[in-house]
Structure formats: structure tokens, C-alpha cells
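# Geometric and topological summary
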Amino acid sequence: MKVYSAPQRVTLNITNRCNLDCLYCAVSSTRNAPGDLSLEEWKRVIDEMAGIKVFNIKFSGGEPFLSPDFGAILEYIFHFHFRISINTNGTLLDRNIINLISRSGRLDHIQVSLDGADALVHDSIRGKGTFDKIMEGVPLLQKWSVPFSFFVVVSKNNKDHLRKIVTLAKDTAAFQVSFSPLLPQGSALGHLDGLFLSFEERKSVEKRLRDLKREFPNLVGGSYIQGIRMMDAISGVDISHIISGRSNRISSCAGSIKECSIRPDGEVIPCDRLWDYTVGNVRESGFQSIWLDSAGFRHFRQRYTRTMDSFDECKGCQYINMCKGGCPAIPFNMGKGIEGWDPESCYKVFIGEKRGYIPVSY
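About the thresholds
Per chain, the residues get numbers from 1 upward, laid out in the order the sequence is written. Given that this is a predicted model, residues contribute local features only at a pLDDT of at least 70 and side-chain atom pairs are listed and counted only at 80 or more, while totals for whole chains, interfaces and linings are drawn from all residues. The side-chain numbers reported here are obtained from all heavy atoms of the structure, hydrogens and water having been left aside. Numbering goes from the N terminus for both helices and strands, where a helix is a DSSP run of H or I of at least four residues and a strand is a run of E of at least two. Values of the radius of gyration come from C-alpha atoms, whereas the globule rule sets the reference at 2.2 Å times the count of residues to the power 0.38. Only protein chains enter the accessibility calculation, which uses a 1.4 Å probe. A residue is then buried if its area is under 20% of the maximum for its type, exposed if over 50%, and partly exposed in between. We call a set of buried Ala, Val, Leu, Ile, Met, Phe, Trp, Tyr and Cys residues a nonpolar core when their side-chain atoms join them within 4.5 Å. Every case where a carboxyl oxygen of Asp or Glu lies within 4 Å of a side-chain nitrogen of Lys or Arg is listed as a salt bridge. All axes are obtained by fitting lines to C-alpha atoms, using only the stretch in contact for helices, and the reported angles, taken between N-to-C directions, cover 0 to 180 degrees. Angle categories are assigned with fixed cut-offs, so that under 35 degrees is roughly parallel, over 145 is roughly antiparallel, 65 to 115 is roughly perpendicular, and the rest are oblique. In this scheme the handedness of a crossing depends on how the near helix is turned from the far one: anticlockwise by less than a right angle means left-handed, clockwise means right-handed. Whether two residues are in contact is decided by their heavy atoms, any of which lying within 4.5 Å being enough. Polarity classes work like this: nonpolar for Ala, Val, Leu, Ile, Met, Phe, Trp, Tyr, Cys and Pro, charged for Asp, Glu, Lys and Arg, and polar for all others, with Gly in that last group. Paired rings are identified among Phe, Tyr and Trp, the last through its six-membered ring, by centres lying within 6.5 Å, and are further divided according to the angle between planes into stacked (under 30 degrees), edge-to-face (over 60) and tilted (the rest). Here, any two strands with at least 2 DSSP bridges between them count as paired. Within this analysis, the arc is defined by the directions that extend from the helix axis to the C-beta atoms.

### Thoughts on the overall build of the chain
A count of helical and extended segments in the chain gives 13 helices and 10 strands. Relative to its length of 362 residues, the chain is compact, with a C-alpha radius of gyration of 21 Å against a globular reference of 21 Å. Dimensions of the chain, computed from the C-alpha atoms along their principal axes, are close to 60 × 50 × 35 Å. Of all 362 residues assigned to the chain, the portion counted as buried reaches 53%.

### Some details on the nonpolar core
With 100 residues, the main nonpolar core has Leu 12, Met 49, Phe 59, Val 177 and Phe 179 as its most contacted residues. Core analysis: the second largest hydrophobic core is formed by 8 residues, Tyr 24, Ile 125, Leu 182 and Leu 195 among them.

### Things to note about the pattern of salt bridges
Pairing of side chains with opposite charge becomes possible as their charged atoms draw close. Within the structure shown, the criterion is met by 18 salt bridges. Salt-bridge contacts for Arg 9 lead to Glu 259; the nearest nitrogen and oxygen are separated by 3.3 Å. Taken as a pair, Arg 9 in strand S1 (residues 9-13) and Glu 259 in strand S8 (residues 259-262) lie far apart in primary sequence, 250 residues in all. Looking at Glu 259, the relative accessible area reads 23%, which means it is partly exposed. Residue Glu 41 is joined to Arg 283 by a salt bridge in which the shortest nitrogen-to-oxygen separation is 3.0 Å. Of the two residues, Glu 41 is situated in helix H1 (residues 39-51) and Arg 283 in the loop between strand S10 (280-281) and helix H10 (287-293); the sequence distance between them amounts to 242 residues. Ionic contacts of the salt-bridge type, sharing partners, join the residues Lys 159, Asp 160 and Arg 208 into one network.

### A look at the packing of helix H6 (residues 162-171) against helix H8 (residues 199-215)
Orientation of H6 relative to H8, taken along the N-to-C sense of each, is 25 degrees, at an axis distance of 10 Å. With respect to H8, the element H6 is oriented roughly parallel. Taken as a pair, H6 and H8 cross one another with a handedness that is right-handed. For the pair formed by H6 and H8, the contact residues are Leu 162, Arg 163 and Val 166 on the first element and Val 205, Arg 208, Leu 209, Leu 212 and Glu 215 on the second. Across the contact of H6 with H8, the residue classes tally to 5 nonpolar, no polar and 3 charged.

### Re the packing of aromatic side chains
Each aromatic ring pair is summarised here by two numbers: the centre-to-centre distance and the angle between the ring planes. Enumeration according to the criterion identifies 12 aromatic pairs in this entry. With a centroid separation of 5.0 Å and an interplanar angle of 80 degrees, the aromatic rings of Phe 65 and Phe 70 are classed as edge-to-face. Each member of the pair, Phe 65 as well as Phe 70, carries the same accessibility label: buried. Through a chain of ring-to-ring contacts, the aromatic side chains of Tyr 277, Phe 300, Tyr 304 and Phe 332 assemble into a single cluster.

### Comments concerning the sheet that holds strand S4 (residues 107-113)
Whenever strands of a sheet pair, they do so through backbone hydrogen bonds, lying parallel or antiparallel. Spatial ordering of the open sheet is given by S7-S6-S5-S4-S3-S2-S1-S8-S9-S10, a layout of 10 strands whose pairing is mixed. Only two strands of the sheet have a single partner each, and these edge strands are strand S7 (220-221) and S10. H6 rests against strand S5 (148-154), strand S6 (176-181) and S7 of the sheet, and its axis sits at about 150 degrees to S6.

### Overview of the environment of Ile 84
As for its placement among the helices and strands, Ile 84 is situated in strand S3 (residues 83-88). A residue is classified by how much of its surface remains accessible, and Ile 84, at 2% relative accessible area, is buried. Each C-alpha atom, one on Ile 84 and one on Phe 59, is 7.7 Å from the other, the two residues being 25 residues apart in sequence. Ignoring anything within four residues of it in the chain, the contact list for Ile 84 reads Ile 57, Phe 59, Leu 74, Ile 77, Phe 78, Ser 104, Arg 106, Leu 107, Asp 108 and His 109.

### Examining H6
Listed in full, the buried residues belonging to H6 are Leu 162, Ile 165, Val 166, Leu 168 and Ala 169. Down the axis, H6 shows its buried residues gathered within 160 degrees of arc, on one side only. Facing away from the buried side of H6 by more than 90 degrees, the exposed set consists of Lys 170 and Asp 171. In this structure, the buried side of H6 is in contact with helix H5 (130-143), S5, S6, H8 and S7. A positive phi of about 70 degrees marks Ala 173, the residue just after H6.

### A few points about unusual backbone geometry
Put simply, Gly 61 and Gly 62 share a cis peptide bond, and its omega is 15 degrees. We note that Ser 145 has phi near 55 degrees; this positive angle belongs to a residue other than glycine. Mapping Ser 145 onto the fold places it in the loop between H5 and S5. Unlike most non-glycine residues, Ala 173 shows phi in positive territory, near 70 degrees. As for its position among the elements, Ala 173 is in the loop between H6 and S6.

### Re helix H4 (residues 119-126)
Looking at H4, one finds that the buried residues are Val 121, His 122, Asp 123, Ile 125 and Arg 126. The secondary structure elements touched by the buried residues of H4 are S4 and H5. Gly 127 lies just past H4 and shows a positive phi near 110 degrees.

So, in C-alpha cells, the structure goes:
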């Protein structure tokens, strides 16, 4: 397998600190833990990434604006060639931060997490007062012409409010509202019954998202839309013409192939969904040596040498040559390891012929 000499994009999770306690926090295992890399340590990592030609840096956390070194790290990055993006919960946006991030001319966009079009819905997941704080910051993004999008995780709490969220995105001049399914990770694992959609709720959400995508084709996007489109494409295939026994190679994840993340404590991970799958620490080894030579990444990349029929759950499936393997974070976070099957990408689960890991009602 060909491995790039450097990832194209690296997410720098610059702090474990966060001012919220969201019901589905993906990084709950380290949230507010001590031990963030120092400014000098981040500078050393950035120097190496510049030298090996990483192209894109995404800031995340925790909440990146809570890092006391955020401004200094960003100013340091301005000396290099990187394109920049930022993930934020949106509650700390103010004139000083927006003035800083808008100066470089190399900011692709800011992604603001949003769970509802009003305080009642949004605050039920992220805490009282959080919606109003976001709505105070968004006009500043508009004023400074900072491109921004909304990131929406679809759950029981907001499934009936998707159109209102899209309308809010349109009214506030967001360039996209990106919908994502709720994933079994972090603190969401403790709220399976209260947050995860039933099969019937999923079908209803899928219909609403199809309708919204047709109505707002340039505004509505995200991994939920991509997943629905993939499943709809399979639905349109006449499987009587499919050659039985031919199996796709697993090819669905860019983690460890084109991108990776660095946690606030220096641990390198394939992506933020695999927060607890660590492969090396930049405090102990060079970033490129971890990328190219760590045992953890070598093991992770073995997934992409396999074909779909290596999953017991997929053997004999008539759709096996149309699947790509899904997300390894889902089996990993459900205790099945990265070698496990991802039911969230399975067409038979999508149409209700098969059940996944999460005990939702059918």
C-alpha cells in the first residue's frame, strides 16, 4: 500500500479545555484533562509539518478558543503556507477572535456546532444559554466576511427541527449546513435511549434530508447526506446483473492515509472519531516518524488491504461489491476493534433487513 510521505491535512486539537458538557461529546475521555502541549511544543510540531509539506491545518479541541495559546499558535502558522479551518462550539466568538482569524487571508472557514434553531432545542444538548451566545457571535462573522458553516448532529432532540435549522443557516448567510448522524462514541454511549434514532425515526429523517437537499442543493450537505445518497444509489441497482462473489476492497476512510489528528496531550490518532486509538506521541517522537513508521498506523492501514468479505457479517451478501467498508471508529468505539464491521454503512441495516450494534427499536 502506498503511504504519502505526509498527510494532506492534520487536525490540531490544541486544548482539552471546554466550557460545555454536551450529551454526545466525542472527546469526553479527556475533556478538561491537564497536560496540553505547550506553545513551544506546538511550534515544534508546526515546523515539522511545514517541512514535510502538510497542506491544511484544522484547529479543534476541546474548544480551541479556550486555549491561552490559540492566538500565538495562529500567528505562528501565518508564517507558513498552510490553509486553515477551525471547529468551534461558537459560544466564545467575539470581535478580538474574529479580527485575529480573519487577518491571514488563508482561512477556509469556521465550522460552528449547532443543534437547534432555537434555545429550547439547542440548549437541551449543549447547556443553558449556549444558543444565545452563538447567535451573538454569528453576526460578527457576517460583518467581517468570515466564511462559516453550521455542523448539526441529528438526534432525537432535533430530528423534527431540521428545516428550521436550514432556514436559520440561510438567514444568517452560512455557506453550508452540514448534517451528521449521531455516532456511538464518547458520552453519547451513555445516552443510547435518549439520543439515538429508532429505525422509523431514521427513515423519517432521511426523507426530510432528501427534501431539504433538493430544495437547498448548495446549502445542505454533510456526511448524513453523503450516506443517504450512497444507499439510494445501491437501491437503484439491478442486483440480478451483479457478478456474485466479487468483493470490494475496503476504501472508505482517509484516516492514516491522507489525514490524521493530534490530541492536546500530543497523542497522534487517525482521526477525531478515534480519540482513544493512539499510535504515538509527538513529545516522544517526530511527527513524520509516527506517520510513516508507528506500529499503530501500520496496523490501522492493514484494514485497507482487506476486502469486504473479510467481515463475517458481509460474507455472501449480494451487495458486497457496492460497499466500501464504512467507518472503523464505529466498531472500535463499540468494543469490536478497528477490524470490526460498521453496520452504519450497511445497506441491509439501512433497509431494515439487519440490525447493528446499537439497540434501537425496529
